[in-house]
Amino acid sequence: MRVLWLCNIMLPVIAAHLGLPASNKEGWLSGLAAKLRRENPAELELGICFPSAAGTGMMQGELDGLRWYGFLEDTVRPERYDGAVEGRLLQILADFQPDIVHIFGTEYPHTLAMTRAFARPERTLIGIQGLCFVYADAYMADLPEKIRHRTSLRDFLKRDNLMRQQEKYRLRGGYEQEALKRTGHVTGRTDWDRMWTKRVNPSAVYHFMNETLRESFYGPVWDGEACMPCSIFVSQGNYPIKGLHYLLEAMPRVLKKFPLAHIFVAGDEITRASTWKERLKLSGYGLYLRELIGRYHLERAVTFLGRLDEEQMLGRFLGSHVFVSPSSIENSPNSVGEAMLVGMPVISSDVGGVSSMLRSGEEGLLYPAGDTDALTERLCYVFDKNNRAEVEKLGRKARMRALKTHDAQTNYRRLLEIYHEIYLCV
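About the criteria used
- Residues numbered from 1 in each chain as written.
- Predicted model: local features only at pLDDT ≥ 70, side-chain atom pairs only at ≥ 80, totals over all residues.
- Heavy atoms only, no water.
- Helix = DSSP H or I, 4+ residues; strand = E, 2+ residues; numbered from the N terminus.
- Rg over C-alpha atoms; globule rule 2.2 N^0.38 Å.
- Buried < 20%, exposed > 50% of the residue type's maximum accessible area, 1.4 Å probe, protein only.
- Contact = heavy atoms within 4.5 Å.
- Areas by Shrake-Rupley, 256 points an atom, 1.4 Å probe, with all protein chains shown as cover.
- Polar contact = N/O pair within 3.5 Å; in protein donor to acceptor, adjacent residues only side chain to side chain.
- Pairing = 2+ DSSP bridges.
- Axes fitted to C-alpha atoms, helices over the stretch in contact; angles between N-to-C directions.
- Salt bridge = Lys/Arg side-chain N within 4 Å of Asp/Glu carboxyl O.
- Parallel < 35°, antiparallel > 145°, perpendicular 65-115°, else oblique.
- Left-handed = near helix turned anticlockwise from the far one by under 90°.
- Nonpolar A, V, L, I, M, F, W, Y, C, P; charged D, E, K, R; others polar.

**Student:** Talk me through the overall build of the protein; I want residue IDs and the actual numbers.
**Tutor:** The secondary structure content of the protein amounts to 17 helices and 14 strands. Its C-alpha atoms give the protein a radius of gyration of 22 Å, near enough to 22 Å, the size a compact globule of 426 residues would have. Each principal axis of the C-alpha distribution contributes one length, and for the protein these read about 65 × 50 × 45 Å. Across the 426 residues in the protein, those meeting the buried criterion constitute 56%. Here the analysis covers contacts within the protein between residues at least 6 apart in sequence; of these, 70% occur between residues at least 24 apart. Just so you have it, the protein exposes about 18300 Å², and 51% of that area is on carbon and sulfur atoms.

**Student:** Pulling in residues and values, what's your account of the environment of Thr 372?
**Tutor:** By the element assignment, Thr 372 lies in helix H15 (residues 372-383). Along the chain, Thr 372 and Pro 326 lie 46 residues apart, while their C-alpha atoms are 9.3 Å from each other. For Thr 372, the contacting residues outside a window of four places in its chain are Tyr 246, Glu 249, Ala 250 and Arg 253. Within the local environment of Thr 372, its side chain forms a polar contact with the side chain of Arg 253, the two groups lying 3.2 Å apart.

**Student:** If you had to explain the sheet that holds strand E4 (residues 66-72) to someone new, which residues and values would you point to?
**Tutor:** If you walk across this open sheet you meet the eight strands as E3-E4-E2-E1-E5-E6-E7-E8, and the pairing is mixed. Only two strands of the sheet have a single neighbouring strand rather than two, namely strand E3 (60-63) and strand E8 (205-208). Neighbouring strand axes in the sheet, compared pairwise and without regard to direction, differ in orientation by 25 degrees on average. Summarising the sheet, strand E2 (residues 45-52) and E4 pair through six bridges and their orientation is parallel. Paired with Pro 51 across the bridge in E4 is Phe 71. Across the sheet, helix H4 (residues 109-118) touches strand E1 (2-6), E2, E4, strand E5 (100-104) and strand E6 (124-127), and the angle it forms with E5 is around 170 degrees.

**Student:** How would you sum up the sheet that holds strand E9 (residues 231-234)? Please name residues and give values.
**Tutor:** Strands belonging to one sheet form pairs held by backbone hydrogen bonds; the direction of such a pair is parallel or antiparallel. Strand order in the open sheet made by the six strands is E11-E10-E9-E12-E13-E14, with parallel pairing throughout. Two strands lie at the open edges of the sheet, namely strand E11 (302-306) and strand E14 (365-367), each paired on one side alone. Along the sheet, successive strands turn relative to each other by an average axial angle of 20 degrees, direction set aside. Of the strand pairs in this sheet, strand E10 (residues 262-266) and E11 are connected by four bridges, and their pairing is parallel. Bridge pairing links Ile 263 to Val 302 in E11.

**Student:** Let's hear about the pattern of salt bridges: which residues, and what values?
**Tutor:** Enumeration over the complete set of coordinates arrives at 26 salt bridges. In this structure, the salt-bridge partner of Glu 363 is Arg 401, at a minimum N-O distance of 2.8 Å. In this pair, Glu 363 is assigned in the loop between strand E13 (346-349) and E14 and Arg 401 in helix H16 (residues 388-405), connecting sequence segments 38 residues apart. Using a relative accessible area of 3% as the deciding quantity, one classes Glu 363 as buried. Each member of the salt-bridge network shares a partner with another, and the members are Arg 154, Asp 155, Asp 160 and Lys 168.

**Student:** Lay out the packing of H4 against helix H8 (residues 162-181) with the relevant residues and their values.
**Tutor:** One way to put it is that H4 packs onto H8 with a least axis distance of 8 Å and a crossing angle of 30 degrees. When the interaxial angle is binned, H4 and H8 end up roughly parallel. For the crossing formed where H4 meets H8, the hand is left-handed. Packed against H4, whose contacting residues are Pro 109, Thr 111, Leu 112, Thr 115 and Arg 116, the element H8 presents Tyr 175, Glu 178 and Ala 179 at the interface. Along the lines of polarity and charge, the residues of the contact of H4 with H8 split into four nonpolar, two polar and two charged.

What follows is the structure, given as structure tokens:
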């Protein structure tokens, strides 16, 4: 059985082989690929293809028995469909001759290109991550109307203000829905993604399968004594869906009760304006976050950390008092799963598939999306020393749940089962 993966990134092991910088996104893919290679089931031969830069976009090779292929795609502008990608995928398919094509995610147009090129829905499997056509409706995340229509100099030059960004999500959602209609199989892990994929393609077979997360998160355990008191960790906040503005709006009330409260934000530093060049590059959303920080005098209560690698992310999880996911929409965010794996307190908006990941009041604390009063109340509950025993209990139960949900061996066996189900059903 020959299985070809279509991934959104070049796996780090291939990047290292080529002497190229590696992406720290989708680290769970590396773990899954390594397990397949390490255990080397005799009945399965794995190939991987991925979008790459101009220098490696048409390269291909083999690494320790793993066949890999690059293709050129403008991932900076995923709202554009490039027919040349479809042509390159046809070449890859002809060379590898897969029995099954497994596509990880629907967010990029190469998913649609592959379903068109392969044209075998009964042997096509799409793994659901997020869903752009649903995310588009939640993109503005309760932003004021004037902010939605604001255009910074950077936005003007790039033609990329918030309204245009939302429209890009809608365009990507159109490609996404066509791709889903062209597949016979999907994998998902929440009631939310099951519902939406069934609405788009009722005839597709839904295979439940949880995800395996980054390997380093399975060992260390959060210690309330060792973390920074009243520190809040947010894994990213560079666009409205991630809801950082909600947390900033809640922060003044939290600071009244807990003056040492502090937010740490990983990811792109979209508020950075130390030089005039950086100020010119500010997006409309970045400007809005800066305004909120100034309005609520949060300059000393918010730290933007920039992009962190896997070990740095793990260190920040372990060193923080609570992890917060204030998003306006999510499916099953890996950041929540990683926080649960290390056994730390988790507060999340009750959106998308999050309630399929944890039970509120037992394994974490959920609150209605956009309700900053409820977010404030839950943060104060976690920070209150009188609730310490209950908060640590939430973390312990979250870890027990996550160790089952994200068990690497269980998920590996399930993946092989799905491949065999698809292979034998034709």
